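# Examination of the molecular architecture
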Amino acid sequence: MDFPVFHLDFFGNRLLIAVIASIHVLINHMLAVGAIPLIAWLEWRGIRTGDQRWDRLAYRLLVVCFIVTTSLGALTGVGIWLSTSLVNPSAIGSLIRVFFWAWFFEWTVFAAEVVLIVIYTLSWQSDWARRRKRTHLALGVLLAVNSWLTMAVIVAILGFQMDTGIWTAQPGFWTAVLNPLYLPQLAFRTPFALVTAGLLMLMLAGFFTRGDREFRDRAVRAISGWTLVFCLPWFAGAWAYWRAIPEATQGNIPIALTTLAFQHYLGPLQFLIFASVAAVVLLGVWGAAAPRRLPASLLIVPAVLAVWQLSYFERVREFIRKPDVIQGYMHANALRPVDYPLYAEDGLLAHAVYTPVREVTEDNRLAAGREMFRLTCSRCHTTHGVNSVVQKFGAMYGWQEWDPQIMRLYLGSMHNTRPFMPPVPGTADEHAALVDYVIALRRDPAGLHGAQTAGAAGRDRLPAAGTD
Amino acid sequence: MASIADWPLPRDIPLPLPADSILLQTLLVVLFMWHILFVNLMVGGSLLTVVFQLIGRQRPDFTVLARAIAGTVTVNKSLAVVLGVGPLLAINVLYTVYFYTANALTGGAWLAIVPLVTIAFLLTYTHKYTWDRLANARGLHIALGMAGAGLFLVIPLIFLANINLMLFPGRWLQVEGFLSALLLPNVWPRYFHFLTASVAITGLFLLFFFLRAGCPVETKLRDLDRAGLRRLFYGISLGATALQLLFGPWVLFTLPGHGMSWYLIGVITTGVVLALWAMHLMWREITAPLARAMPRAALIFVLVTLTAFAMGYGRHVYRESALQEHRALMAAHTQDAGWLAAAAAWREATGQQVLRIPMGQRVFESTCAACHAQDRVLVGPSLVEIAGIYRDDPGGIAAWTRQPGRKRTEMPPMPAFRLDNETLQAVAGYMLERVAGPAPIEGG
């Protein structure tokens, strides 16, 4: 509404953020938050036992973490910011107003984290570190605390997006930070990171120690033990988090429909989730009890499971917060529910900034429909690409002639039957124009160009009008 | 550029700023200075590495210097990225609408920052760590350095195009993609201004870097001694700063006039005077007898730092004044939109009959009807009389409303209405329509 609309019409804007954010969260959890304490623990084992092999293994694991986190990890972090501010500037702009000081604090911690990991890694083999091993270990512990703190801050914002709690009634920094989902999600994520990092490090350790069978067994046993130990708080955190979620969604989504909407997601996958968790526990027990019998090639399995579990968790989290991007404050389409009555009276286009059409007339129906699509659908849907709006209607009404009258009725009530969709804003005329545009799109692969190529003024080509 | 009334007028984020605006502005200027210092060192360092490596083919000392400079670049680039997040946060919160609009309009390039920076970093690392391994393939090694430096030359353009585009809402409707944003006035002058500054700052940094106590200059270099290094790096810094006498005025004179002020000229003149003083001292250092160590270095350092602050503060002053008027309009518009939404929500909540009233009619009734009636004089002339003057010219009504003259001295003068052009056109259209026919009433 108030920003030119960036749009990727093939991959879709969701996928852009999802890819960047998934890479970032995998690196953050498996190579920083969860891995650094494990590495410091291995270094400590080396000091305690006097066995240099622990120290060497810890260092080799750290080098992997160092290279990946300071390049791809750091830049995908910036990438999340750049991509979300392109796709939904209203949402990220609002979040920054509320969470500015949290982000600011997170930035100082992040800066310290970068400095610390550079020192911790590059000084590992120096004479200084050999003489002052305990001081060097203290650096590692400090680094682990810093890594956890950066995550702890961001989880507050993620929790807020899912449940704003009392913030809408009492706006303020602390009412936003201490949202109902913050602590449960943090209690879940912390051991989740420790477990998944353990699984990845298990694979790497198996690879790094392949020449020394005896030490390999010891390393596998130790890291399997680490993973098992954190499984318990992981399950407890999952339980706390799961209990907090329905309270968050109760307010705006009828429970019955939630289960309806979740059915095709959770149904077949529920089994997979439990199976993968069971596999993690079994492999952990196996590795801790009889490491010699655990073939090295099998160590890839837990690492793959960890990647899948983390990605799947993020996907579910993103799904739960729908239809809002900031629960109760802003829908995923970047419009605020409080503005809906105004749009219903005047029309959405009348209040949009970058639209060549302000009022629907007979001559501009398609242009009006295109602008409606741009403003209300394009944050999540494409014309013909991923999550295509044409495909959605095709899946519902088949591929015979579509009845515009029925489609209009559907747009008016869609949010009741699809609770993860926000209501379509605007007037009946605008809904009708949007329907005409979608019907025209079906016949014409014209697509929709974002402001990044076509400019803000909505000058791109329209699909051909007319019937078959 | 069209008048400000024709600029796009979005609503701002309707949430309060997280802190006092002055505090946030101070944070922005100070944090940005730290960020740009390391960006300068990263860009200038990677350029000088390549240039020195090329010179090194004839004069081996320069290859030694190039290798040492390459070592500083990888550290400075990490600091440049880490220190960039703070000012990015500050500019996001202070100029949300302006910055994000510029980002969206150059979206492809804006996103490309992530892979481009990643590749540039990897190239710089490869270049740094293959110095010995590629000893027999010098051409390839220099090419790696050039590719990295080349990317470092491109990436700042993306940031510059954004930071420039955000200042000119009047251009937002014309821009189509990053390349067209590059064609706006002031992008290229600022780019060259930035590049020369990078070389100047890096020259000074390397002077301190190589002449620091304990730097093994005597053992590593054959022909160059400390005096020679001093001349070399002061020379680079002085030459680049001298170029700014060309680029500086070019930047200033291509700046669109709507943000100019004498205060800004004062700030920039201060910076120029400090820079001239620093240049004079550098010249004295270059030509001074070589026996003494660097007597004026500390003062030169302070002067250059103050110059950078004056210029950094100057650009902030320009940004604030260039956007001042549009921001005031936007603040008023945001507040109005909030009231309109609240009123509509109240009507919906109380189940009142909702009539769809066209915008022109609504604004007319809430803003104009207290003074202008259909066919009699209230405070101002009647609509019939107005329609007689502007029969087919709603734009004339809009222009008058923005900047009214005074025809009737017996009545109070009409105040200027700072409504955006679209609203004014709608109101004017409604006024003429209402005289031409019966007032349209639509059921909704």
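Read on for an overview of the structure. (Residues numbered from 1 in each chain as written. Chains lettered and ligands numbered in written order. Predicted model: local features only at pLDDT ≥ 70, side-chain atom pairs only at ≥ 80, totals over all residues. Heavy atoms only, no water.)

Across its full length, chain B holds 15 helices and zero strands. Rg of the C-alpha trace for chain B: 30 Å, well past the compact-globule value of 22 Å for 444 residues, more than 25% over. Expressed as lengths along the three principal axes of its C-alpha atoms, the size of chain B is roughly 95 × 45 × 40 Å. Residues counted as buried form 50% of the 444 residues belonging to chain B. Accessible surface, chain B as shown: approximately 20400 Å² in total, 67% of it carbon and sulfur. Positive and negative charge centroids in chain B, built from 33 and 24 side chains respectively, lie 15 Å apart. (Helix = DSSP H or I, 4+ residues; strand = E, 2+ residues; numbered from the N terminus. Rg over C-alpha atoms; globule rule 2.2 N^0.38 Å. Buried < 20%, exposed > 50% of the residue type's maximum accessible area, 1.4 Å probe, protein only. Areas by Shrake-Rupley, 256 points an atom, 1.4 Å probe, with all protein chains shown as cover. Lys, Arg positive; Asp, Glu negative; His and termini not counted. Charge placed at Lys NZ, Arg CZ, Asp CG, Glu CD.)

The subject of this paragraph is the state of the cysteines. Residue and element names in this part refer to chain A. Counting across every chain of the model gives zero disulfides over all chains. As a non-bridged cysteine, cysteine 231 has cysteine 65 as the owner of its nearest cysteine sulfur, 20 Å distant. The thiol of cysteine 380 is not disulfide-bonded; the next cysteine sulfur, from cysteine 377, is found 9.2 Å away. (Disulfide = S-S within 2.5 Å.)

Tallying the contact residues gives 54 residues for chain A and 60 residues for chain B. Interface of chain A and chain B: buried area, both sides summed, is about 5300 Å²; carbon and sulfur atoms make up 68% of it. Of all residues in chain A, Arg97, Trp107 and Glu345 of chain A give up the largest surface area on contact with chain B, accounting jointly for 17% of the area buried on that side. Here chain A is connected to chain B by five salt bridges. Where arginine 358 of chain A meets glutamate 422 of chain B, a salt bridge forms, and the shortest distance between an N and an O atom there is 2.2 Å. Here chain A is connected to chain B by 10 residue pairs in polar contact (both at pLDDT 80 or more). (Contact = heavy atoms within 4.5 Å. Buried area = accessible area lost by both parts, 1.4 Å probe. Salt bridge = Lys/Arg side-chain N within 4 Å of Asp/Glu carboxyl O. Polar contact = N/O pair within 3.5 Å; in protein donor to acceptor, adjacent residues only side chain to side chain.)

Bringing the environment of threonine 350 of chain B into the picture now. Residue and element names in this part refer to chain B. Position of threonine 350 relative to the elements: it lies in the loop between helix H11 (297-349) and helix H12 (359-368). C-alpha separation for the pair threonine 350 and tryptophan 277, spaced 73 residues apart in sequence, amounts to 71 Å. A polar contact of 2.7 Å, which involves the side chain of threonine 350, links it to the backbone oxygen of tryptophan 346. Looking at threonine 350, its side chain comes within polar contact range of the main-chain oxygen of arginine 347, at 3.3 Å.

So, on to the side chain of asparagine 88 of chain A. Residue and element names in this part refer to chain A. By the element assignment, asparagine 88 lies in the loop between helix H3 (52-87) and helix H4 (89-122). According to the relative accessible area criterion, asparagine 88 is buried, its value standing at 10%. Not counting residues within four places of it along the chain, the set of residues in contact with asparagine 88 comprises Val325, Ala332 and Ala334.

Let us look at the nonpolar core. By size, the foremost hydrophobic cluster in this structure holds 155 residues, and its most contacted members are Ile96 and Phe99 of chain A together with Phe52, Met166 and Leu229 of chain B. Broken down by element, this core gets its largest block of residues, 15 residues, from helix H2 (residues 60-94) of chain B. The contacts of phenylalanine 99 of chain A, once residues within four sequence positions are left out, are Ala156, Ile157, Phe160, Phe173, Ala176 and Val177 of chain A. (Core = buried A, V, L, I, M, F, W, Y, C linked by side-chain atoms within 4.5 Å.)

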